[in-house]
Amino acid sequence: MKVGFIGIGAMGKPMAQNLLKSAKVQLYIYDVNAAAVAELAAQGAIPCRSPRELAEAAAVIIMMLPNAAIVETTLTGEQGLLAGGTAGHTIIDMSSVAAASTHRMAALAQAKGIEYIDAPVSGGVAGAVAGTLTIMVGGEAAAVQAIEPILQMLGQKIYHVGATGAGDSMKVVNNLLLGINMAAVAEALVLGAKSGLKPRVMLDIIKESSGRSYALEAKTEKFILKNNFAAGFAIDLEYKDLDLAMETAKNLDVPLPVGASAQQVFAMAKAKGLGREDISAVIKIWEELTGVQVRE
């Protein structure tokens, strides 16, 4: 099975490596980062000089790119995927973009007889490395079923959410909640610390109480208490996802006052130079304001 992969970044690299582990996959790769391409080429991947060349070599193509603008350029440029793709090809966009952008790109692909599937993921770098990502898929049922064996090499839980764009919409909803919850966890823990409560006591009790959340459980123990803010999921990326939520809400006339507040928390963190740190680092904003630290 010939599979193309574009976007050998923090998430894309381990995902591509998981595809390389399968004897059933012959992997073609492209990225603007020559060093990243060379590393995977040394592991058995076949480098291509452009998205067009990659599309000419592989009938199934995965994109894992930073934003919608780069996705569009990769597709529509003179040396883009649509220039090399033909009827019967399938493009799987696993980037985090707004559904409106996916609808535009899908229309262009479908005009050439190319299937276009959106399949954003949750699980971070750790999930990409372990091959345990949660994958939210939008597309026609038959097309999704055809590429499911490939998705199973990348993720553990695969959900066909609905038509094209539904996967992106689901990712926006999920990461809106993640951003809101992370900001709330940071506020609450600092309030508790300022009140004289021990961080470990707060964590143990809230985990068994109604205030618990993924953000509390995943980000307090391994990140905040350990003073370890190396990016599992970077503030820059969460800010981008909150921006996608606000864009989607604007298009649909849905007010998001709590989401807007959370986005401003992440904007403050970016302004403080914390963009490349894990989302849990937003707690540093309140720690600086109140003069306490939530650490063991």
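These notes cover the structure that comes with them.

Basis of the calculations
- As a convention, each chain's residues are numbered from 1 in the sequence order in which they are written.
- It should be noted that, the model being predicted, local features are given only for residues of pLDDT at least 70 and side-chain atom pairs only at 80 or more, the latter also being counted only at that level, while totals for whole chains, interfaces and linings use all residues.
- Each side-chain value is derived from all of the structure's non-hydrogen atoms; neither hydrogens nor water enter the calculation.
- Here's how the labels work: a residue is buried when its accessible area is under 20% of the maximum for its type, exposed when over 50%, partly exposed in between, all with a 1.4 Å probe on protein chains only.
- The helix count covers DSSP runs of H or I at least four residues long, the strand count covers runs of E at least two residues long, and both are numbered beginning at the N terminus.
- To be clear, the arc concerns the directions from the helix axis to the C-beta atoms.
- Between N-to-C directions, angles span 0 to 180 degrees; the directions come from axes that are lines fitted to C-alpha atoms, helices contributing only their stretch in contact.
- Any angle between 65 and 115 degrees counts as roughly perpendicular, while under 35 counts as roughly parallel, over 145 as roughly antiparallel, and the rest as oblique.
- What makes a crossing left-handed is the near helix being turned counterclockwise from the far one by less than a right angle; a clockwise turn instead makes it right-handed.
- Any pair of residues with heavy atoms lying within 4.5 Å of one another is described as a contacting pair.
- For this classification, the nonpolar set comprises Ala, Val, Leu, Ile, Met, Phe, Trp, Tyr, Cys and Pro, the charged set comprises Asp, Glu, Lys and Arg, and every other residue, Gly included, is treated as polar.
- Put simply, two rings from Phe, Tyr or Trp (the six-membered ring, in Trp's case) pair if the centres are within 6.5 Å, and we call them stacked under 30 degrees between planes, edge-to-face over 60, tilted for the rest.
- Put simply, a charge is over a ring when the Lys NZ or the Arg CZ is close to the ring centre, within 6 Å, and near the line of the ring normal, within 35 degrees.
- Patch building starts from residues that exceed 30% relative accessible area and form no salt bridge, then joins like charges within 9 Å and nonpolar side chains (Val, Leu, Ile, Met, Phe, Trp, Tyr) within 5 Å.
- Per-residue and other accessible areas follow the Shrake-Rupley method at a 1.4 Å probe size, with only the shown protein chains counted as cover for residues.
- By convention in these notes, a salt bridge is any Lys or Arg side-chain nitrogen within 4 Å of a carboxyl oxygen on Asp or Glu.

A word on helix H4 (residues 68-76). Owing to its 3.6 residues per turn, the α-helix brings residues three or four apart onto one side. Val 71, Thr 74 and Leu 75 are the residues of H4 that are buried. Take H4 and look down its axis: the buried residues cluster within an arc of 95°, on one side only. Among the exposed residues of H4, those oriented more than 90 degrees off its buried face are Ala 69 and Thr 73.

Two elements in contact, helix H9 (residues 166-194) and helix H13 (residues 257-271), have axes separated by 9 Å at closest approach and are oriented at 65°. It follows that H9 is roughly perpendicular to H13 by the angle criterion. Here H9 and H13 pass one another in a crossing that is left-handed. Side by side, H9 and H13 meet where Leu 176, Gly 179, Ile 180, Met 182 and Ala 183 of the first sit next to Val 258, Gly 259, Ala 262, Val 265 and Phe 266 of the second. A per-class count over the contact of H9 with H13 returns eight nonpolar, two polar and no charged.

Turning next to the packing of aromatic side chains. Counted according to the given criterion, the structure contains zero aromatic pairs. Taking NZ or CZ as reference, Lys 219 lies 4.3 Å from the ring centre of Phe 223, over its face.

Side chains of Tyr 159, Val 161, Met 170, Val 173 and Leu 177 sit close together on the surface and give an oily, nonpolar patch of about 430 Å² of accessible area. Elements that contribute at least two residues to the nonpolar patch include exactly strand S9 (155-162) and H9. Among the structural elements, Met 170 can be located in helix H9.

Let's shift gears to the pattern of salt bridges. Pairing between side chains of opposite charge can happen when their charged atoms approach one another. Applying the stated criterion to the full structure yields eleven salt bridges. Residues Arg 200 and Glu 221 are paired through a salt bridge, measuring 2.8 Å at the closest nitrogen-oxygen approach. Note that Arg 200 is positioned in helix H10 (residues 199-206) and Glu 221 in helix H11 (residues 214-224), a separation of 21 residues in sequence. We classify Glu 221 as partly exposed; its relative accessible area is 23%. Between Arg 200 and Glu 296 there is a salt bridge; the shortest N-O distance is 2.6 Å. On the criterion of sequence distance, the pair formed by Arg 200 in helix H10 and Glu 296 in the segment after helix H14 (283-290) is long-range, its members being 96 residues apart. Residue class for Arg 200 comes out partly exposed when judged on its relative accessible area of 26%. The exposure class of Glu 296 is exposed, given its relative accessible area of 54%.

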